[in-house]
Amino acid sequence: MAGGVTFANASIIMQGDAHLLTRKRIREMATATSREDCLRVLSECGYQTDFATDDEILDAARAQTLQTLQELCEDPALLACVQATNQLTEVNAEQVFATLARQIPLIKTPSIREYFTTWVDWVNVRSFYKGSDKVFPGGALTAGHLDLYPHISAEQREDAMQERLDELGAVDKDDIFKPNPLFWWYLQRQKELVIIKAILISKRFNYDVTWLRENLRGLYEQFQ
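Residues numbered from 1 in each chain as written. Predicted model: local features only at pLDDT ≥ 70, side-chain atom pairs only at ≥ 80, totals over all residues. Heavy atoms only, no water.

Draft legend 1. Local environment of the overall build of the chain. Secondary structure assignment for the chain yields 10 helices and zero strands. Starting at the N terminus and ending at the C terminus, the chain contains elements arranged as α-α-α-α-α-α-α-α-α-α. Here the chain holds 224 residues, and the buried ones make up 40% of them. Within the chain, contacts between residues at least 6 apart in sequence are counted, and of these 59% link residues at least 24 apart. Summed over all atoms, the accessible surface of the chain reaches about 12200 Å², with 54% contributed by carbon and sulfur. (Helix = DSSP H or I, 4+ residues; strand = E, 2+ residues; numbered from the N terminus. Buried < 20%, exposed > 50% of the residue type's maximum accessible area, 1.4 Å probe, protein only. Contact = heavy atoms within 4.5 Å. Areas by Shrake-Rupley, 256 points an atom, 1.4 Å probe, with all protein chains shown as cover.)

Draft legend 2. The arrangement of the packing of aromatic side chains in detail. In this structure the tally under the stated criterion is six aromatic pairs. Centre to centre, the rings of Tyr115 and Phe116 are 5.5 Å apart; their planes meet at 80°, and the pair counts as edge-to-face. Judged by its relative accessible area of 4%, Phe116 falls in the buried class. Ring geometry for Tyr115 versus Phe183: centroids 5.2 Å apart, planes at 85°, classification edge-to-face. Residue Tyr115 is located in helix H7 (residues 110-129), and its partner Phe183 is located in helix H9 (residues 180-204); the two are separated by 68 residues in the primary sequence. For Phe183, a relative accessible area of 1% corresponds to the buried category. Through pairs of rings, three or more aromatic residues link up here, namely Phe97, Trp119 and Phe136. Above the face of the Trp184 ring, Lys173 is positioned so that its terminal group lies 4.8 Å from the ring centre. (Phe/Tyr/Trp six-rings, centres within 6.5 Å; stacked < 30°, edge-to-face > 60°. Lys NZ or Arg CZ within 6 Å of the ring centre and 35° of its normal.)

Draft legend 3. Here's a closer look at the nonpolar core. Phe97, Leu100, Phe116 and Trp119 are the most contacted members of the largest nonpolar core, which totals 33 residues. Looking at this core, the elements with two or more residues in it are helix H4 (54-72), helix H5 (76-86), helix H6 (93-103), H7, helix H8 (154-169) and H9. At seven residues, the largest contribution of residues to this core is made by H7. Once residues lying within four places of it in the same chain are set aside, the contact partners of Phe97 are Leu88, Trp119, Val120, Val123, Phe136 and Pro137. (Core = buried A, V, L, I, M, F, W, Y, C linked by side-chain atoms within 4.5 Å.)

Draft legend 4. Geometry of the pattern of salt bridges. Under the defined criterion, the tally for this structure stands at 14 salt bridges. Among the salt bridges present, the one from Arg40 reaches Glu44, with a minimum N-O distance of 3.2 Å. Of the two residues, Arg40 and Glu44 are both situated in helix H3 (residues 35-44); the distance of four residues between them amounts to about one turn of the helix. A salt bridge links Lys178 to Asp172; the shortest N-O distance between them is 3.0 Å. What makes Asp172 partly exposed here is its relative accessible area of 33%. What emerges from the salt-bridge pattern is a single network uniting Glu28, Arg40 and Glu44. (Salt bridge = Lys/Arg side-chain N within 4 Å of Asp/Glu carboxyl O.)

Draft legend 5. Representation of unusual backbone geometry within the structure. You will see that Asp172, though not glycine, has its phi angle at about 55°, which is positive. Relative to the assigned elements, Asp172 resides in the loop between H8 and H9.

Draft legend 6. Expanded view of the environment of Tyr47. By secondary structure assignment, the location of Tyr47 is in the loop between H3 and H4. For Tyr47, a relative accessible area of 6% translates into the label buried. Along the sequence, Tyr47 and Ile57 sit 10 residues apart, while their C-alpha atoms lie 7.7 Å from each other. With sequence-adjacent residues up to four places away left out, Tyr47 is seen in contact with Leu42, Ala61, Arg189, Glu192, Leu193 and Ile196. Polar contacts involving the side chain of Tyr47 include one to the side chain of Glu192, which spans 2.4 Å. (Polar contact = N/O pair within 3.5 Å; in protein donor to acceptor, adjacent residues only side chain to side chain.)

Draft legend 7. Layout of the environment of Trp119. For Trp119, the position within the fold is in helix H7. For Trp119, a relative accessible area of 18% corresponds to the buried category. Separated by 45 residues in the primary sequence, Trp119 and Arg164 place their C-alpha atoms 9.4 Å from one another. Trp119 has contacts with Thr85, Leu88, Phe97, Leu100 and Leu165, leaving out every residue within four places of it along the chain.

Right, here's the structure in full:
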């Protein structure tokens, strides 16, 4: 974590310019006629592609992304929250959200702190609409205030909550003197992995373009 915020952001900007997916690269992968052509694009973006399975490619990219964040991030509370959310399962949910409740208030950057608070709220709101009365700690909403979207569909709720998270994730993403560009890069990489997984699945099972477009709905437009 040596070098400070400016060094971390410079490193990320250099990586992003060369490696982050773009709309052009996504289209190239989506229209590729073979898995090999998809992997060629991924290799150009810095992904390690010499694995036998798609899952291994994605797991390696996920691990590398987390490692980069760990090396460059100088906010221990932010790192703790990222690591906790990455480890979340049904089995360890209580432990993970207890960690988030402790660490979120310690995050140094207000918008990033609000991002994780909102993320926990999102989990609780989603559970509420599924009929659960469980409220995990770490959010701002109490049990009596989870009915945020009483008159819209589940799909519209998901879109509304994701839009809010995207807004928070993009705050000060171009300010090299703040931690925000590094955090925004991390979030973009998570979206990349979702897109890549959908494209690789579509190639493996010969799904048509309609299926792929539906599974990339709302994500593709966020790339330049």
